[in-house]
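Summary of the model geometry
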Amino acid sequence: MKRVLSGVQPTGDVTIGNYLGAIKRFVDLQDTTDPYFMIVNLHAWTVPQDPQVLKEKTINLAALYLAVGLDPKKSVIFAQSDVPEHTELTWLLQCIAYFGELGRMIQFKEKSEDKQNVSVGLYTYPVLMAADILIYQADLVPVGEDQKQHLELTRDLAERFNNRFGHTFTVPDPLINEFGARIMGLDDPSKKMSKSAKSPYNRITMMDTPDEIKSKIMKAVTDTDNQIRFDPVNKPGISNLLTIYSLFSGETIPQLEERLAGQGYGTLKKELVEVVVNHLQPIQQRLQQLKKSGEVLDVLRNGAERARAEAAKTVQAAKEKMGLLLG
Ligand code: ATP
Ligand code: MG
């Protein structure tokens, strides 16, 4: 079975972009693969955090993983900070990564824009991500489209290491959906929906109330020609709403276009509110129950133990190749 690895940062509130582009797909993969899903709380520190809030968000995100259907019997679910081998391998990989290649990372450029004090961690973060993946010898990495460049770097580092020191790492393939891999901001469909976007009208979060969902979808930016048609270049706002609608309802884009032909944008938005609310409400209820049950910490503890056993093997192998095991 293919080994799968992915993670989400416990920053901000998880959006339906994270859900459709990543987390929902984790659930689909867990029956047919050997999956590892983490909460990447070390990545969160690439930008300033409140320690108490970070802790809560880490546990909430683990609870969300369970609430959407990840099963700890099928998936190894853990927090990145509980497996110190990730940072150890990061150092080894940093010493074979080039300064220039990290400088080309689009996400670094975007996230450091307009900021005065940018942490070194934000710059080297893609190497930690490479370590996260390579340490489990992952074959496949389900991510949204925004992570494509980081996956390419991961592959380059794995190949470079293997060429220099002999085969050590599996070279992973990204698993990026053709459809829905880039959910756009509701307030600006030229930018991706993000947990960290400034305006709350950029995103629908997994915890939004029906009223919040309604107000955000009703305010979503569209266009003026009032035709419900999928055309991401000329009609990015409507195309984004159709994408979200299709992914939540299972109706295909052509079916939606046909059924809604001649209707106004108001109808599309009203239906979409209902579809999103109906999908999120049972997840939110399960999440509340899980948080009360105290089960989440046990899941994370158990997951970390299983993850560490795998991670330690890879780090041993890498250290041996680099002349760092003396005994
Ligand atoms: P941040 O703004 O803090 O970076 P984020 O929304 O980008 O938050 P991440 O934790 O960085 O979330 O990413 C988690 C996963 O969600 C990744 O696989 C990423 O590719 C995916 N993802 C993020 N945004 C989107 C989006 N708009 N559409 C589809 N997938 C997305
Ligand atoms: Mg991100």
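Residues numbered from 1 in each chain as written. Chains lettered and ligands numbered in written order. Predicted model: local features only at pLDDT ≥ 70, side-chain atom pairs only at ≥ 80, totals over all residues. Heavy atoms only, no water.

By the naming in an unreviewed UniProt entry, the chain is Tryptophan--tRNA ligase, taken from Effusibacillus dendaii. Its UniProt record gives the chain a comment under Function (unreviewed entry), which states: "Catalyzes the attachment of tryptophan to tRNA(Trp)." (UniProt positions renumbered as here; feature names shortened; annotations may be inferred.)

Helix-helix packing is described using two parameters, namely the angle between the two axes and the distance between the axes. Taken N-terminus to C-terminus, the directions of helix α3 (residues 51-68) and helix α13 (residues 295-321) make an angle of 90 degrees; their axes are 9 Å apart at the nearest point. As far as their axial angle goes, α13 and α3 are roughly perpendicular. Residues Ile 59, Ala 62, Ala 63 and Leu 66 of α3 form the contact with α13, whose participating residues are Glu 295, Val 296, Leu 297, Val 299 and Leu 300. Taken together, the residues of the contact of α3 with α13 sort by class into eight nonpolar, no polar and one charged. (Axes fitted to C-alpha atoms, helices over the stretch in contact; angles between N-to-C directions. Helix = DSSP H or I, 4+ residues; strand = E, 2+ residues; numbered from the N terminus. Parallel < 35°, antiparallel > 145°, perpendicular 65-115°, else oblique. Contact = heavy atoms within 4.5 Å. Nonpolar A, V, L, I, M, F, W, Y, C, P; charged D, E, K, R; others polar.)

Turning our attention to the nonpolar core. Counting 56 residues, the largest nonpolar core has Ile 23, Leu 64, Tyr 65, Met 206, Ile 244, Phe 248 and Val 276 as its most contacted members. Among the elements that make up this core, the one with the highest residue count is helix α12 (residues 265-293) (eleven residues). Every residue in contact with Val 276, bar those within four places of it in the chain, is listed here: Ile 204, Ile 213, Ile 217, Ile 244 and Phe 248. Core analysis: the second largest hydrophobic core is formed by 40 residues, Val 40, Leu 92, Ile 133 and Leu 157 among them. (Core = buried A, V, L, I, M, F, W, Y, C linked by side-chain atoms within 4.5 Å. Buried < 20%, exposed > 50% of the residue type's maximum accessible area, 1.4 Å probe, protein only.)

Within the fold, Thr 124 resides in helix α7 (residues 120-134). Excluding residues that lie within four positions of it along the chain, Thr 124 makes contacts with Gln 94 and Leu 102.

When the UniProt feature table is mapped onto this chain numbering, "binding site: L-tryptophan" (unreviewed entry) sits at Asp 132. Relative to the elements of secondary structure, Asp 132 occurs in helix α7. Non-local contacts of Asp 132, meaning those with residues more than four positions away in its chain, are made with Leu 5, Met 38, Val 40, His 43, Gln 80 and His 86. Side-chain polar atoms of Asp 132 contact the side chain of His 43, separated by 2.7 Å. (Polar contact = N/O pair within 3.5 Å; in protein donor to acceptor, adjacent residues only side chain to side chain.)

The local shell around ligand 1 holds 20 residues, among which Lys 111, Asp 146, Lys 192, Lys 195 and Ser 196 are the closest. Between Ile 183 and ligand 1, the recorded distance is 2.7 Å, taken from a backbone N or O atom to a nitrogen atom. One of the side-chain nitrogen or oxygen atoms of Ser 196 is found 2.4 Å away from an oxygen atom of ligand 1. Contact with the protein chains removes 97% of the 600 Å² of surface that ligand 1 exposes when unbound. In terms of residue count, helix α1 (residues 16-29) provides more of the shell around ligand 1 than any other element does, four residues in total. Of the residues that constitute the shell around ligand 1, the class distribution is six nonpolar, nine polar and five charged. (Near = heavy atom within 4 Å. Areas by Shrake-Rupley, 256 points an atom, 1.4 Å probe, with all protein chains shown as cover.)

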